[in-house]
Structure formats: C-alpha cells, structure tokens
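Report on the structure
What follows is each chain in one-letter form.
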Protein chains: 2
Amino acid sequence: MEKRLPTIKEIAKQLNISISTVSRALHNHPNIGLRTKMRVQQLAKDLEYEPNQNAVLFQQGKTHIIGVILPELSEAFFSSAISGIEDAAQKMNYTVLLGQSHDDIEKEKNLLDTFRKHRVDGLLISISKNSIKYDHFEALQRYNIPMVFFDRIPKIPNIHYVACNMVNGTVEAINFLFKKGHRIIGMINGPEKLPASKERLEGYIQAMTKSRLKYDPNLVVNCDLTKTGVCSATQKLLTGKRRPTAIVAFNDYVALDAVQQARNMKFKINQDICFVSYANLPISNYTAYPPLASVEQFPYQQGQKATETLIELLQKKSNEPSENNNGTYYKIILESQLMIHDSK
Amino acid sequence: MEKRLPTIKEIAKQLNISISTVSRALHNHPNIGLRTKMRVQQLAKDLEYEPNQNAVLFQQGKTHIIGVILPELSEAFFSSAISGIEDAAQKMNYTVLLGQSHDDIEKEKNLLDTFRKHRVDGLLISISKNSIKYDHFEALQRYNIPMVFFDRIPKIPNIHYVACNMVNGTVEAINFLFKKGHRIIGMINGPEKLPASKERLEGYIQAMTKSRLKYDPNLVVNCDLTKTGVCSATQKLLTGKRRPTAIVAFNDYVALDAVQQARNMKFKINQDICFVSYANLPISNYTAYPPLASVEQFPYQQGQKATETLIELLQKKSNEPSENNNGTYYKIILESQLMIHDSK
DNA sequence: AAAAACTATGCAAACGTTTGTTCATTTAGA
DNA sequence: TCTAAATGAACAAACGTTTGCATAGTTTTT
C-alpha cells in the first residue's frame, strides 16, 4: 500500500489545468482567478499535498540548510550552543546539518567538503583546537558560501564572528571577591597562547589595577588544564610567598580539581581559600564545594546569535547577489556575566 | 568575483561531447572509451568539479539525509547519542538533520512535518517525555519513511527500535553491593509508570530474590526526580524501619542529591551508607562523594546502532521497494553494564 | 560479402518546481 | 462597433543529474 506523495502535476491533471497554474494558485499569484485558486487550494488540502522541498530548493539553487561544524557535541558548551543554533534555525525555517571535527583538522576539512557538496546555504563554525592553518576556510570564501564563526575563531581577516568577551566577566569576578574582602587574589589560567587565556589575564590585570591592588605576576599561573597540571598550579599558588585567599580558575572543572588539591593540602574551602570560575555548569549544584560564583559564557545565546547573523547574511545575499558584501563584517561580542551561586 | 560551481554541462561543452557521456565517464561506465574517460576525469579534477548532491538526490528521489528528533541536546545522554549518530551516519555517507522537541509534542509534530517536507530518507527518534498519543508517528508510517526509535520508545506495535536493557545492569549493581556485604539495599526510583523505572524495579526484585534477600517493597521509593523529591525519598529510606546500608539511585544526579541529603542527616557516606546509580557521567570524577559504581547505558552506542539499523533499512528498501518489509521489525537491545569507579 | 555483435557516443526524457513569455478571452473606453 | 486594455490561463525553459534507447562506426563471425 505504498503511498506516493502527491505533486502539483497530479493536482493539475485532476483539475484539468496546467502545472504552472497550480503552482501560481498555491502561491496566491494575482494572475490566477479566484475560482481556480480556491479549487486548487482545496484539492491540495484534500490530497495532503506538500511541496517537495528538494525540488523547490534545487530549482532555486538553495537548500535552506545550514552546516554546523563544531569540535565535540558531548562537551557541555557545544551541546548548549547547538541547542541554540537549532532553535534559531528552526524559527527561521532553516535546518541544521551537523558535523563534529573531534578537534581534528582532517575531519574538519572533510566536513567542509561534504557540506559544500550538499550545497549548504551557509556555515556555522567553531574551529578545532588544532587548526593552525586556515587555508581550507579561505578556499571556501571563494565559493561565496557565507560563514559565521563562533567562540573559537580563526585568525584571518574579513570574517564574521560571534564571541563572548571574557574580560568584563573576569573584572566582575575580581570585584566580587574584592567586595568580599579578598586582597590577594590568584588565578589558574589556561595555556598562555590560548586566546581564552589572554582575555582572562587581561581582565585580571584590569580589575586588579583598578582596585589599586597592583598586578603581581606571581599570582597568575598557567597550566595545561589536565588534572595534574591543575594540581601543581594550585600547589604553587598556595605555597607561594604571597598566599592568595581567593583563586579565579579557568573553568568549573579546573575549580573542582583545584578544590580537591586544596583540601588535600588541608585548606578549609570557603574559609582559608575561596574559588570563582568560568562556565557556570549545573555541575556546581552537585558538588560539595562549588565555586562561589562562575562566569557565564552564554553558549546557547552565542549559537543563537551566530545563526541569526548567518541567516541575515543569506537573506541579504539573495536580495543583492551582485556585490559579495560591501566590506562590512559582523563582529558580535556578547558580554560574559558573573553568576553568583546561592550560598546556603 | 563570484565563482560559479562547475557542472557536467560545462565539462561537456569544453570537451565538445554530450552531457550523458560526461556523466557516464565520471561513473566509470563500461560503455565509455578509455580516452574519453581520462579526458573527462582530468578536466573534472582541474575544474574542481563536485556533483551537485542536491540535483543527484532530487533526481533519484533520495536525499541521503537522516532526520533525528530528540528531546534535549544539552542533556548529556542525548549529546552522546547524537555524537554516535553523527559518526555512524558520516561513515555511511549520510548526513544528519537535527531537531529537538524540548519534550513538547507540538514541536515534535512540527519537526516531523519539516522533515517530511525535506524528504529525509529516514528518521531516528527518541520521543518526548510527554508523548502519550502516537498518531503522528503512525501517520508517518503510511508515507513509507523508515523510522527507528531509540531509548525512549512509543508503545505502538510494529516499529523498529534500539534500547538499553536496564534490568541486567540493575542486577549487576545489586550483586556488587551484595558482595561488598550489604544486605539491606534500598532504591530511589523514578516515577512509577515510567518504563525506565519499571525496568530498574524488575532488576531489583530479580536480584534481591536470587540473592535470597527477599523483596521488601518498603525499600523502594518512587520519586519525581526533582531535588526536593529526591531529598524526601532519601529521608524516608534512611528513617525507615529497616535502614538500608546501600541505595541504588535512579541516576547520577539523583545519587548526588541523595548524598547531600544523607550528609545533612549526619550519615557518613561510604561508611554508614553507600550509593550506586545509573548513567556513569564524568561528573562523578569531580564530586566529593561519587557513587561507588554507575550503570552505563551506552548512549553513544545506542545512537550508533540505531543509525546503522536505519541505514540498513534504507538500503533494503531501495533493493526491494515493493514489499514494505516482510513483517520483521528490529528490536535491538543493548545490555547495560555496571562500571565500578576507582576508589582512591 | 552480408549479417551479427560490439564499441563508443549522443539524444531525450525524467525528477518537481518556478517563472518569463505568450495566447486567448473578456471587459471597457471611445 | 471597433480597438485597447485587462484578465486568466497555458507553454516552455530552466535548475543538474541519471539512464533507457537509438545511432553510427568498427570489428567479428559465418
């Protein structure tokens, strides 16, 4: 009992009119008489006719599909981001073609190829950690497929991107600690060259100098974010000459590892030493010693905003297809925000 | 400098041969002479020709796209699942169109419609928590679009599905506790009517009776999985007539809430009372008192297996398109497995 | 030497739409 | 009453492919 899907052709045949009339009737084209229009629309409803998107889009050279490439779906940050992307896309009648690079450049390139073959209308990308060369992205630009990067952004000129500014969040974090009376504040930062680390450091310096606590480089320790790295960083801070009473950790996981190390060293958490971190994972509710506060990076909103930006680009493109774009590039920066956890 | 993508038509023109010859040459059709074949393939490479998937698939009435509908991408379980799905699909040259229902039936229906319009080849679905009526799925069956359900499965006959059996995992969990010397073992279960709860209970009863500890209904408490629900359930167990020395919790989050409640009641964790749970989230590494063990439900593998099953169905369908299928339905059950955490 | 078989290629239809152009009819203006 | 304008609908091309069938040229077979 195979049920073939109805086409405009069939409607045309049943009504003894031409295909084009049916098409126009369904689109409320003014040239079609009211009577015919009604008849067509009624029959279409009766047959449960649905236009074959594929045919339409093929005909128009569009797909209404957005390709999304991100490193790891199972990371909390990215799963929130994709959630935001998907919601925004759905709202604008786009659908999401998904691929994960697993932080592997080759996979990233392959995905780019696959998506190009699928003729996605546009791309949303958070680049793999290991991407140093960006040829593959630049190559794509020539194909005139709009791309918007988010969160992890390649260092190439003339791209659109959405990112979250960590500087102000860091400032907020330090001010929060300052108000609580802390004067010696340490930081466990990520790898030195990582952009994310740089922003945190910048915020740290800014806030410290503004609070007239001068910036002491010994209070900032870089680490590789592995558990052992975090532990030794923590140790270094807590055994240093000027022992901090509070530590800003690179993210919630780092904070938890650091807490553990501090406890091993017999420090009393929230008494001898306090922690503040980034990410604001729900995880914090479940741990014995969650950070006092955490800087939210709004992954969902980043995804959403990036999607909206991309769709805007797509619509602009189909309106004025001639000029690639007038040399303007979106650089959208969300502000991070310190979320203070309930202290029960 | 708009770069139009090359088509076989252009190749044909440049080589002064017909379109069909080009097409066949690219597909290594035996009827094409070696010389022509070489020339075509060379030029294709030079022009960086890529077949327009859209055109191909439209022509063949296929899309090589799988629609995936699941409740929440930001839940750890589903983000792992989608990861498995995406990997498996990529391997078989399919792509994933993604949608989340947010546990809302209306959204679920809309997605189903969107995906039908997009003419996805098949569907992978984990139903929304609130789906009670399944008309929309049954309607889809008539359109002959293969569907495979996973994890959350509707109660309708004649469907394909992949699920994870929680019974044996529960048995393993109880046996593990038994070996550790526990004789009074409680359970914090989910809502009574939830299939997931039923399986856990079944495993519990099975294991308890086999261990010749008879089944005591007072030791099993249902709850709504909210924090307050979990707390009162914990309290009830720990103040009951027969106080358990170990508790099996519905999942890791429940376990952590229960731990907190137990500590509030001045119980010493892993001494007065032990916990075992389900999900095996990495979260456990970061908490002060992780459950001793956790039953892994293999979301990644479920996603993978479901995808493989769907693709198998798709291929079968295109081989013998006549018979819908000979009345056989895949019911694939993965076995859950108890993962014992390192006790450091 | 004619028929059969094979090789290499081209033609054209088909997939389901949209849309510019043309055609036929009706209506209105003079 | 005749022409011009407006209306309603059909024709046909196009999007990029695949593929059944036809055709032409070459080789083999008898």
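Attention in this report is confined to the structure presented alongside it. (Residues numbered from 1 in each chain as written. Chains lettered and ligands numbered in written order. Predicted model: local features only at pLDDT ≥ 70, side-chain atom pairs only at ≥ 80, totals over all residues. Heavy atoms only, no water.)

1. Considerations on the overall build of chain A
Looking only at helices and strands, chain A has 12 helices and 12 strands in total. Over its C-alpha atoms chain A spans a radius of gyration of 27 Å, topping by over 25% the 20 Å that the globule rule assigns to 344 residues. If one aligns the C-alpha atoms of chain A with their principal axes, the spans along those axes are about 90 × 45 × 35 Å. The buried share of chain A, taken over its 344 residues, is 51%. Counting every atom, chain A has about 16,800 Å² of accessible surface; 50% of that belongs to carbon and sulfur. Side chains of chain A give 43 positive and 34 negative charges; the mean places of these two sets differ by 2 Å. (Helix = DSSP H or I, 4+ residues; strand = E, 2+ residues; numbered from the N terminus. Rg over C-alpha atoms; globule rule 2.2 N^0.38 Å. Buried < 20%, exposed > 50% of the residue type's maximum accessible area, 1.4 Å probe, protein only. Areas by Shrake-Rupley, 256 points an atom, 1.4 Å probe, with all protein chains shown as cover. Lys, Arg positive; Asp, Glu negative; His and termini not counted. Charge placed at Lys NZ, Arg CZ, Asp CG, Glu CD.)

2. Some details on the protein's contact with DNA strand D
What surrounds DNA strand D is a group of 28 residues, the closest being Thr21, Gly33 and Thr36 of chain A together with Ser23 and Arg24 of chain B. Each atom of DNA strand D within 4 Å of the protein belongs either to a base or to sugar and phosphate, the latter forming 55%. One of the side-chain N or O atoms of serine 23 of chain B is found 2.7 Å from a phosphate oxygen in DNA strand D. Among the elements of the structure, α2 (19–26) and α4 (53–60) of chain A together with α1 (8–15), α2 (19–26) and α4 (53–60) of chain B are those that each provide at least two residues to the surface near DNA strand D. Broken down by class, the residue content of the surface near DNA strand D amounts to 10 nonpolar, 14 polar and 4 charged. (Near = heavy atom within 4 Å. Polar contact = N/O pair within 3.5 Å; in protein donor to acceptor, adjacent residues only side chain to side chain. Nonpolar A, V, L, I, M, F, W, Y, C, P; charged D, E, K, R; others polar.)

3. Here's the deal with the nonpolar core
Val68, Ile82 and Leu124 of chain A together with Val68, Ile82 and Leu124 of chain B are the most contacted members of the largest nonpolar core, which has 46 residues in total. Apart from residues lying up to four places away in sequence, valine 68 of chain A is in contact with Ile82, Ile85, Val96, Leu97, Leu98, Gly99, Phe115 and Leu124 of chain A. The next biggest cluster of nonpolar side chains, apart from the first, holds 42 residues, and it includes Leu97, Val120, Leu123 and Tyr143 of chain A. (Core = buried A, V, L, I, M, F, W, Y, C linked by side-chain atoms within 4.5 Å. Contact = heavy atoms within 4.5 Å.)

4. As for the protein's contact with DNA strand C
As a matter of local geometry, DNA strand C sits amid 28 residues, with Ser23 and Arg24 of chain A together with Thr21, Arg24 and Thr36 of chain B nearest to it. Backbone atoms, meaning sugar plus phosphate, form 55% of the atoms of DNA strand C positioned within 4 Å of the protein. Contact distances for DNA strand C include 2.6 Å between a phosphate oxygen and a side-chain N or O atom of threonine 21 of chain B. Contact distances for DNA strand C include 2.7 Å between a base oxygen and a side-chain N or O atom of arginine 24 of chain B. Of the residues belonging to the surface near DNA strand C, the class tally is 10 nonpolar, 14 polar and 4 charged.

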